[in-house]
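Coordinates in review
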Amino acid sequence: MKFVCFSWGDERHLGVLNAKKQVVCLRDLGLCFKDMNDLILNSASFKLTKEQVESAPAIDLAQEKFLAPIPEPLQDVICLGINFLAHAKESAKFRGEKFERRENAVYFSKRVNHATAPFGKIPLHDAVTKELDYECELAVILGREAYKIKAEDAPAYIFGYTIINDISARDLQGKHKQFYRAKSLEGSTVMGPYITTSDEVAYPPELALKSFVNGELRQNDNTKNFIFDIGYVLEELSSGMRLLAGSIISMGTPSGVGMGLCPPQFLKEGDEVRCEIENLGTLCNRIVL
């Protein structure tokens, strides 16, 4: 299933896509949830078949009506840094450092008051940063609490997957020597366009991942090339901390970000950023003042 959050009649609704990519409102299927977090937390309590979805009334929804599938995450998003080898090298080069392969994963969190819609606008924040950058990433959404689990059991804890564009202010990263403020500017977590449930994605995911700026291909890799894969991450994190249902883990970005180009090319007003992941759809956003 591909679950969406959308705006209709000045209200938020939850829906599911049919085979024609039309939206079926969950209320028309007799399913009522407060929001996507509520659906995820109660996902074991309902059954939904493709036959039900295909036979239900559906609407052709305009792009601007799609909201982030989880507009208000229950907690900060957990992110991985330097989780593709080539990105690790370009990051070191940008900082003027010698590249050294990391033996341990890099984790940080990202404040998300409200996730940006998949076709919404991204604020430039030119008063606080001159180096706004893009990062196309696979995000994993947990469907149940994970605590002290083993890597091989990871698939049983995954509700589904979505795309995140982890917008980042590189100058703030350098200034503060860490990621939190640089990754947490308002509007800097673009999410969607839907959540693809784990039964529709072979595990471990081997999905083509691309990003474009103004139509120019910038990032082009595959999630099979993670340095630290999903099972490793869930086992390591859950070994000492409790990961709650609804937790979002963004798995890191490949090379090709703006800071890695020669010379670096940061986002400016009017730029269009498109992120694509195989079977997970497309984000397409405009940079605005």
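Look up a bit, the structure's there.
Everything numeric in this text was worked out from a predicted model, so none of it was measured.

Here we look at the pairing of strand β1 (residues 2-8)
Across the seven residues that make up β1, a large majority, five, are buried. Judged from the two bridges that link them, β1 and strand β12 (residues 189-197) form a sheet pairing that is antiparallel. Residue pairing in the sheet places Lys-2 in a bridge with Thr-196 of β12. Hairpin remark: β1 followed by strand β2 (residues 11-17), antiparallel, with two residues in the connecting loop; positive phi at Gly-9, about 65°.

Comments concerning the pairing of β2
As a general feature of sheets, a regular strand has side chains that alternate between the two faces. Counting buried positions along β2 gives five out of seven residues, so the element sits mostly inside the fold. Alignment of β1 against β2, held across six bridges, turns out to be antiparallel. Counted as the bridge partner of Cys-5 is Leu-14 from β2. Judged from the three bridges that link them, β2 and strand β3 (residues 23-25) form a sheet pairing that is antiparallel. Residue pairing for β3: Gly-15 is matched across the bridge by Cys-25. As consecutive antiparallel partners, β2 and β3 are separated by five residues, and within that stretch Lys-21 has a phi angle of approximately 65°, a positive value.

Examining the sheet that holds strand β16 (residues 272-277)
Overall, mixed pairing links the five strands, which are arranged β7-β17-β16-β13-β14 in an open sheet. Each edge of the sheet is formed by a strand with only one pairing partner; in this case those strands are β7 (121-123) and β14 (216-222). Across the sheet, the axes of successive neighbouring strands diverge by a mean angle of 20°, strand direction being ignored. Across six bridges, the pairing between β16 and strand β17 (residues 281-288) is antiparallel. Within β17, the position partnered with Val-273 by the bridge is Asn-285.

Structural notes on the environment of Met-251
Here Met-251 is to be found in the loop between β15 (248-250) and β16. Considered as a pair, Met-251 and Ile-82 are 169 residues apart in the sequence and their alpha carbons are 9.4 Å apart. Those residues within four positions of Met-251 in sequence are excluded, and the remaining contacts are Leu-80, Asn-83, Glu-137, Leu-138, Val-140, Phe-226, Phe-228, Asp-229, Ile-230 and Val-233.

Parameters at a glance
- Residues numbered from 1 in each chain as written.
- Predicted model: local features only at pLDDT ≥ 70, side-chain atom pairs only at ≥ 80, totals over all residues.
- Heavy atoms only, no water.
- Buried < 20%, exposed > 50% of the residue type's maximum accessible area, 1.4 Å probe, protein only.
- Helix = DSSP H or I, 4+ residues; strand = E, 2+ residues; numbered from the N terminus.
- Pairing = 2+ DSSP bridges.
- Axes fitted to C-alpha atoms, helices over the stretch in contact; angles between N-to-C directions.
- Contact = heavy atoms within 4.5 Å.

Geometry only, nothing functional implied.
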